[in-house]
Amino acid sequence: MSVPRLVYDDDCGFCTWCAVVADRYGEFEVVGFAELTDEQRARLPDDYEKCAHLFTEDTVYSCGAATERALAELHPLFEASFSVLRRIPAYPAVRERLYRWAADRRALWGRVVSRSSV
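To start, this report covers the structure provided alongside it. The shown structure was predicted, so the numbers you read here are calculated from the model rather than taken from an experiment. (Residues numbered from 1 in each chain as written. Predicted model: local features only at pLDDT ≥ 70, side-chain atom pairs only at ≥ 80, totals over all residues. Heavy atoms only, no water.)

### Topic: the sheet that holds strand E4 (residues 60–62)
Item 1. With respect to topology, 4 strands assemble into an open sheet ordered E2-E1-E3-E4, the strand pairing being mixed. Across the chains shown, the open sheet's two edge strands, defined by having one partner strand only, are strand E2 (29–32) and E4. Neighbouring strand axes in the sheet, compared pairwise and without regard to direction, differ in orientation by 20° on average.
Item 2. Sheet strands touched by helix H1 (residues 13–25): strand E1 (5–8) and E2. Its angle to E1, the strand with the most contacts, is close to 165°. (Pairing = 2+ DSSP bridges. Helix = DSSP H or I, 4+ residues; strand = E, 2+ residues; numbered from the N terminus. Axes fitted to C-alpha atoms, helices over the stretch in contact; angles between N-to-C directions. Contact = heavy atoms within 4.5 Å.)

Right under this line is the structure:
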């Protein structure tokens with residue numbers, strides 16, 4: 001795999017919008033949950049449908065970590081910012097809480113982004 005693979009909930013309008021943005025501005029292979037192969041599904045956690053994932057050659061990032069890594073791939077400024085944040089011990093827990101907060105409001109975010117163009 002030469003580019004990271006972004007795995008997302010293709011039944012979610014907000015998730016699909018995020019995948020389209022990532023694909024447009026970054027170098028990703030985007031794969032919806034409905035398109036997963038058995039091999040890809042085997043790399044995911046059992047509860048994979050609760051969040052997005054990012055596959056690299058040797059690692060699978062999930063939820064907030066996947067979002068962070070995808071954003072870091074989009075622009076060096078994001079990577080620099082996350083590099084600083086990763087030095088804060090509480091950062092991973094806060095990142096995951098923020099991810100879950102946003103993910104639990106996907107319907108709201110979907111309505112917001114449906115009014116915009118990518």
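Having seen the model, we can carry on.
### Quick look at the nonpolar core
Item 1. Grouped together as the largest cluster of nonpolar side chains are 12 residues: Leu6, Tyr8, Cys12, Phe14, Cys15, Ala19, Ala22, Phe28, Leu54, Ala66, Ala70 and Val113.
Item 2. Secondary structure elements with two or more residues in this core: E1, H1 and helix H3 (64–74).
Item 3. Counting residues per element, this core draws most heavily on H1, at 4 residues.
Item 4. Counting 7 residues, the second-largest nonpolar core is a separate cluster that includes Val7, Val31, Leu44 and Tyr48. (Core = buried A, V, L, I, M, F, W, Y, C linked by side-chain atoms within 4.5 Å. Buried < 20%, exposed > 50% of the residue type's maximum accessible area, 1.4 Å probe, protein only.)

### Side note on the packing of aromatic side chains
Item 1. Applying the stated criterion across every chain, the model contains 3 aromatic pairs.
Item 2. For the pair Phe33 and Tyr48, a centre-to-centre distance of 5.2 Å together with 90° between the ring planes defines the contact as edge-to-face. With Phe33 in the loop between E2 and helix H2 (38–42) and Tyr48 in the loop between H2 and strand E3 (53–55), the pair connects residues that are 15 residues apart, well separated along the chain. The residues Phe33 and Tyr48 share a single accessibility class, namely buried. (Phe/Tyr/Trp six-rings, centres within 6.5 Å; stacked < 30°, edge-to-face > 60°.)

### Side note on the state of the cysteines
Item 1. Applying the stated criterion across every chain yields a total of 1 disulfide.
Item 2. A sulfur-sulfur separation of 2.1 Å characterises the disulfide bridge that pairs Cys51 with Cys63. The disulfide joining Cys51 to Cys63 has a torsion of about -70° about its S-S bond and is therefore left-handed. Placement of Cys51 in the loop between H2 and E3 and of Cys63 in the loop between E4 and H3 is noted, with a sequence separation of 12 residues between them. (Disulfide = S-S within 2.5 Å.)

### Focus on the environment of Pro89
Item 1. Topologically, Pro89 is positioned in the loop between helix H4 (76–85) and helix H5 (91–103).
Item 2. For the pair Pro89 and Glu27, spaced 62 residues apart in the sequence, the C-alpha separation amounts to 30 Å.

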